[in-house]
Amino acid sequence: MTFFYHILSLLVAVVIVPLFALFSIFSRYKFKFLEHHFGFAPRRKKGEEKTVWLYALSLGEVKAAAPVLKNIHEKNPNLKIVISVTTDSGYEGALEHLKMAENIFFHPLDCLPFTWLAISRIQPDLYVVTDTGFWPGLIDQLHNKNIPMILLNGRISHTSAKRYLKAGTLFQVMFKQFDRLCMQNKNSQQAMVDLGISPEKIELVGDPKFDGLQPANNDDKIRFRKTLKLEENRPLWVAGSTHAGEEEIVLDAHLHLKKIHPDLVLILAPRRIERVDDISALLDKKNIPFCRRSLLGDSLPKSVILLDTMGELAEVYSLSKVAFIGRSLIEPGGGHSLMEPLANGAAVLHGPYIENIGHAADEARKQGLAFTVNNAEDICEKVHAFLEQKEHDQDFAEKAKCFFENQKGAAKKLAGIVLETFI
């Protein structure tokens, strides 16, 4: 199966070059670094130092890798680290969070000539993948060159496992080519077993993103409130990482809440900033006063602040008692991380479709930190309850902080696993 994948990739490569070049024109960085995608990664001179090539698809994967790489660099500063990413946000995040990297570049497209060229230029001694960045062609070539491979912070849902099985043996062979599969949770660990992978290769390690998050302190909160022109006592709630269809439900809930809490502000943060214009049109359609975060002036914010900036969502969560997490209300969903609001002591609301975060959500629900909502009425009821709650704020924040602290430790374990490769 992998052989035919390589043959197909050779045929597709001819078509991909002009099409991908055209697509990249609309990207902030891809066209500038177009040669990276075709295998012309920064060349590394082979020396005595060993090289780790880590692939972090986007910003979330970069943040997961950051505490691991920090641990690795502290323990072995002579180890060379190169980073590849796929998205613009991943590239920006790597520049900001992965200062220890010798090179940061865009990942080659998974076509035989591009991946072969990239490997020959980078000459890695170890290849590390974060989360779900699986490219069968590249992994097969690395395996054939006897280059060790580790999956870091692996996450596979049962739905994904079923799709992999439908692809024949392609992905089963690919996963078997890894030397270590370090999984984020028990569900992902079991999914690997269901795919026929030897349990000896699979290890339950946890999620290193917990190690990389730093909750905001009171000074940070006061400063950011002033930045958003929000008075100290003005009530607010957050809807973060929302996807198409969810904003309408969230806004319906907000309109109901405004009848009870006239001064209430919603900070609405779509997962993809490029959808801001569509959401602006929806807000206009519903006659809801709003302002984009990037255009906040000296006047007090409107009913909704539409977050159209990068890197501020964690600070936004720190201002609220309660936050809704998107990609969870509408099928197929999957859910986004609960960690940032929990780290800042906020209660978490999520929809019923949370397969990607099921393990963490289950644990948080057991401790009364997360709650399932199915529609606008449910959201309205829960947000209202938390806005009315006064005396239990400190207790809840302490419980959330304790839950968050108990999840830490994966970064140190993963760093140890990576460094074992070079012993």
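Structure first, text after, so check above.
So, how was this worked out
Residues numbered from 1 in each chain as written. Predicted model: local features only at pLDDT ≥ 70, side-chain atom pairs only at ≥ 80, totals over all residues. Heavy atoms only, no water. Helix = DSSP H or I, 4+ residues; strand = E, 2+ residues; numbered from the N terminus. Rg over C-alpha atoms; globule rule 2.2 N^0.38 Å. Buried < 20%, exposed > 50% of the residue type's maximum accessible area, 1.4 Å probe, protein only. Contact = heavy atoms within 4.5 Å. Areas by Shrake-Rupley, 256 points an atom, 1.4 Å probe, with all protein chains shown as cover. Lys, Arg positive; Asp, Glu negative; His and termini not counted. Charge placed at Lys NZ, Arg CZ, Asp CG, Glu CD. Axes fitted to C-alpha atoms, helices over the stretch in contact; angles between N-to-C directions. Parallel < 35°, antiparallel > 145°, perpendicular 65-115°, else oblique. Left-handed = near helix turned anticlockwise from the far one by under 90°. Nonpolar A, V, L, I, M, F, W, Y, C, P; charged D, E, K, R; others polar. Pairing = 2+ DSSP bridges. Phe/Tyr/Trp six-rings, centres within 6.5 Å; stacked < 30°, edge-to-face > 60°. Salt bridge = Lys/Arg side-chain N within 4 Å of Asp/Glu carboxyl O.

Participant: With reference to specific residues and values, describe the overall build of the chain.
Facilitator: Looking only at helices and strands, one finds 19 helices and 14 strands in the chain. Against the compact-globule benchmark of 22 Å for 423 residues, the chain has a radius of gyration of 23 Å, which places it among compact chains. Across its three principal directions, the C-alpha atoms of the chain cover 65 × 45 × 40 Å. Relative to its full complement of 423 residues, the chain shows a buried share of 52%. Here the analysis covers contacts within the chain between residues at least 6 apart in sequence; of these, 68% occur between residues at least 24 apart. Per element, the accessible surface of the chain, about 19,500 Å² overall, is 53% carbon and sulfur. Counting 51 positive and 51 negative side-chain charges, the chain places the averaged centre of each group 3 Å from the other.

Participant: Describe the packing of helix 3 (residues 59–75) against helix 19 (residues 410–420), listing the residues and the values that go with them.
Facilitator: Between helix 3 and helix 19, the least distance of the axes is 8 Å, while the angle of their chain directions is 55°. As far as their axial angle goes, helix 19 and helix 3 are oblique. The way helix 3 lies across helix 19 gives a crossing that is right-handed. For the pair helix 3 and helix 19, the contacting residues are Pro67, Val68, Asn71, Ile72 and Lys75 in the first and Ala411, Lys412, Leu414, Ala415, Val418 and Leu419 in the second. The class makeup of the residues in the contact of helix 3 with helix 19 is 8 nonpolar, 1 polar and 2 charged.

Participant: Give a description of the sheet that holds strand 11 (residues 304–306) that names residues and reports values.
Facilitator: Judged by pairing direction, the sheet is parallel, and its 7 strands sit side by side in the order 10-11-9-8-12-13-14 without closing on themselves. Lying at the two open borders of the sheet, with one neighbouring strand each, are strand 10 (290–292) and strand 14 (370–372). Sheet twist, expressed as the average angle between the axes of neighbouring strands with direction ignored, equals 20°. The pairing of strand 12 (residues 322–325) with strand 13 (residues 347–350) spans 4 bridges and is parallel. Bridge pairing links Phe324 to Leu349 in strand 13.

Participant: Hey, could you go over helix 4 (residues 88–97) for me, with residue numbers and the actual values?
Facilitator: By the burial criterion, the buried members of helix 4 are Asp88, Gly90, Tyr91, Gly93 and Ala94. Here the buried face of helix 4 lies against helix 3, strand 2 (80–85) and strand 3 (103–106).

Participant: Can you tell me about the packing of aromatic side chains, naming the residues and giving the values?
Facilitator: According to the stated counting rule, one finds 17 aromatic pairs in the structure shown. Taking 5.8 Å as the distance between ring centres and 50° as the angle between the ring planes, the aromatic pair formed by Phe20 and Phe23 counts as tilted. Here the residue Phe20 and the residue Phe23 both occupy positions in helix 1 (residues 2–24), the gap between them amounting to 3 residues, near one helical turn. Overall, the relative accessible area of 48% leaves Phe23 in the partly exposed class. On the numbers, 6.3 Å between centres and 70° between planes, the contact of Phe20 with Phe38 is edge-to-face.

Participant: Can you break down the pattern of salt bridges residue by residue, with the values?
Facilitator: Pairs may arise between side chains of opposite charge once their charged atoms sit close together. Summed over the entire model, instances satisfying the criterion amount to 16 salt bridges. Residue Glu203 pairs with Arg180 through a salt bridge whose shortest N-O separation is 2.8 Å. Of this pair, Glu203 sits in strand 7 (residues 202–204) while Arg180 sits in strand 6 (residues 180–183); the two residues are 23 residues apart in sequence, bridging distant segments of the chain. For Arg180, a relative accessible area of 25% puts it in the partly exposed group. Among the ionic pairs, Lys408 bridges to Glu405, the shortest N-O distance being 3.4 Å. Among the ionic contacts, a cluster of salt bridges with common partners joins Asp131, Arg155 and Lys209.

Participant: Residue-level account of the sheet that holds strand 6, with values.
Facilitator: The parallel open sheet is built from 7 strands, whose spatial order is 3-2-1-4-5-6-7. Every interior strand has two partners, whereas the edge strands, strand 3 and strand 7, have only one. Here the strands of the sheet are splayed against their neighbours by 20° on average, with no regard to which way each runs. Relative to the sheet, helix 4 contacts strand 2 and strand 3, its axis offset from that of strand 3 by approximately 175°.

Participant: Got a sec to walk through the environment of Cys380? Specific residues and values, please.
Facilitator: Turning to its location among the elements, Cys380 is positioned in helix 17 (residues 376–388). The exposure class of Cys380 is buried, given its relative accessible area of 13%. Counting along the chain gives 123 residues from Cys380 to Leu257, while the straight-line C-alpha distance between them is 6.1 Å. Beyond its immediate sequence surroundings of up to four residues, Cys380 is in contact with Ala253, His256 and Leu257.

Participant: Mind laying out the packing of helix 5 (residues 112–122) against helix 6 (residues 136–144), listing which residues take part and the relevant values?
Facilitator: Between helix 5 and helix 6, whose axes approach to 10 Å, the crossing angle comes to 45°. By the criterion of interaxial angle, the relationship of helix 5 to helix 6 is oblique. The way helix 5 lies across helix 6 gives a crossing that is right-handed. Between helix 5, through Leu112, Thr115, Trp116 and Ile119, and helix 6, the contact on the second element is made entirely by Leu138, Gln141 and Leu142.

Participant: Explain the pairing of strand 12 to me, and be specific about the residues and the numbers.
Facilitator: Burial along strand 12 is two-sided: the residues Val322 and Phe324 and Ala323 and Ile325 are all buried. Summarising the sheet, strand 8 (residues 236–242) and strand 12 pair through 3 bridges and their orientation is parallel. Note on strand 12: the bridge partner recorded for Ala239 is Phe324.

Participant: Pulling in residues and values, what's your account of unusual backbone geometry?
Facilitator: With an omega of 0°, the peptide bond between Glu331 and Pro332 qualifies as cis. Among the secondary structure elements, Pro332 is positioned in the loop between strand 12 and helix 15 (339–343). Residue Arg327 is not a glycine yet carries a positive backbone phi of 55°. Within the secondary structure, Arg327 sits in the loop between strand 12 and helix 15.

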